[in-house]
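Residue strings, one per chain:
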Amino acid sequence: MKFIPHQSLSEKYLQKAHNAFLAEKYNLALNLYNKLLDFDKQNESALFHKAKVLTHLDKFDEAKNILEKQVKRLPSVEAYSIIANIQQSTLKHDDAIKTLKLLIKERPEDPQYWLKLGINQSQSYKNFHDAKVSIEKSFALVKMSDQVDLKLVTEIADSFRLAGYFEEASKVYKFISNKTQTIEPVYYIYWGLCLKYSGKHKEYRQVLTTALKHCIEISKNANTIEIHTIQILAAWIYHILGNKRKAEELYSIISENISPEKLYLEGPPSYLPSSYNRILKMREVVKGRDVAVMLYGPSIKEFK
């Protein structure tokens, strides 16, 4: 017969496991949850958090199996959310759609669930045409909020763009610009491209020209590393606007004959190779004629 620990002892074990989880010591946390579950197999908190740990260890199927059994006994929004995320990350978009629809029934005014639904629909052959409605619903809910979540709005704009709804995406990028009252060159490039592929040529040139002027202005007070990033963006804008001579002129400063050590004189050494590789990749994008690659890159995270 197995020893079943006193409740306070179980709680101590659970707290140790939670602390390891919060400290991102996932293997340790998993071992502690397993030890507790050896004695208390139906400890719902341990089961739930074990599943969360497993997702951090990329053991998605095991995590999903635990949560799918748990929600039958103890339905929870958070558990269903994790299940949907796992289904999305493992490209099971139709399954994710079903799970997200359950979540929306529980929380119909949550814009995040509508957005995730739209993202999965946009990647599903069966449900592609429903994506626009779901993402639009997410945007409508965000705009109703007193405090606009700009991170979420950016995800909405990017989701429209990646799904090919360029006109809708350009409206959201414009909304971001109006709300922030700032000029973020990467957002403006995406906005300009979306206008271009919506057939609004005059507007797209205006947006990109504004971004270009901003790049020139901010480069005046930038450090060496920032200047090179700004030049990459400026060269990309020149290329999109059709001024390939100017784009090549900017790119000449990072020709293959210049080593990363000569290009950069400041910043941590670990920054140099990654920056150089990024610049070379951006040169490939600009020199190439692949519109899709130009439209979907660069990642905003690369420039923050």
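Scroll up to find the structure.
This write-up is about the structure you can find in this document. Not measured: the values here are computed from a predicted model. (Residues numbered from 1 in each chain as written. Predicted model: local features only at pLDDT ≥ 70, side-chain atom pairs only at ≥ 80, totals over all residues. Heavy atoms only, no water.)

A few words on the overall build of the protein. Within the protein one finds 17 helices and zero strands. A separation threshold of at least 6 residues defines the contact pool for the protein, and within that pool the share at least 24 residues apart is 51%. Accessible area of the protein: about 17100 Å², with a carbon and sulfur share of 54%. (Helix = DSSP H or I, 4+ residues; strand = E, 2+ residues; numbered from the N terminus. Contact = heavy atoms within 4.5 Å. Areas by Shrake-Rupley, 256 points an atom, 1.4 Å probe, with all protein chains shown as cover.)

Moving on, we get to the side chain of Ser134. On the secondary structure map, Ser134 appears in helix 8 (residues 131-144). Side-chain polar atoms of Ser134 contact the side chain of Gln121, separated by 2.7 Å. If we skip the residues at most four places from it in the chain, Ser134 touches Trp114, Leu117, Gly118 and Gln121. (Polar contact = N/O pair within 3.5 Å; in protein donor to acceptor, adjacent residues only side chain to side chain.)

Right, let's get into the packing of aromatic side chains. Enumeration according to the criterion identifies seven aromatic pairs in this entry. Ring centres of Phe128 and Tyr165 lie 6.2 Å apart, and the angle between their planes is 20°; this geometry places the pair in the stacked category. Here Phe128 is found in the loop between helix 7 (111-122) and helix 8, whereas its partner Tyr165 is found in the loop between helix 9 (150-162) and helix 10 (166-180), with 37 residues between them in sequence. A relative accessible area of 28% places Phe128 in the partly exposed class. The class of Tyr165 is buried, set by a relative accessible area of 15%. Ring centres 5.1 Å apart and planes at 70° place the aromatic pair Tyr188 and Trp191 in the edge-to-face group. Highlighted residues: Tyr188 and Trp191, both in helix 11 (residues 185-196), separated by three residues, approximately one helical turn. Judged by its relative accessible area of 11%, Trp191 falls in the buried class. Among the aromatic side chains, those forming a connected cluster through ring pairs are Phe128, Phe160 and Tyr165. When the ring centre of Tyr190 is taken as reference, the NZ or CZ atom of Arg161 above it lies at 3.8 Å. (Phe/Tyr/Trp six-rings, centres within 6.5 Å; stacked < 30°, edge-to-face > 60°. Buried < 20%, exposed > 50% of the residue type's maximum accessible area, 1.4 Å probe, protein only. Lys NZ or Arg CZ within 6 Å of the ring centre and 35° of its normal.)

Turning to the nonpolar core, a few remarks are in order. Taken as a class, soluble globular proteins show a tendency for nonpolar side chains to be buried jointly. Among the nonpolar cores identified, the biggest contains 46 residues, and Ile156, Tyr173, Ile189 and Ile237 are the most heavily contacted of them. At the level of elements, helix 7, helix 8, helix 9, helix 10, helix 11, helix 12 (201-218), helix 13 (224-241) and helix 14 (244-251) are the ones that each hand at least two residues to this core. Among residues more than four places away in sequence, those in contact with Ile237 are Ile189, Leu208, Ala211, Leu212 and Cys215. One finds Ala17, Leu32, Ala63 and Val71 within the second-largest nonpolar core, a separate group that totals 25 residues. (Core = buried A, V, L, I, M, F, W, Y, C linked by side-chain atoms within 4.5 Å.)

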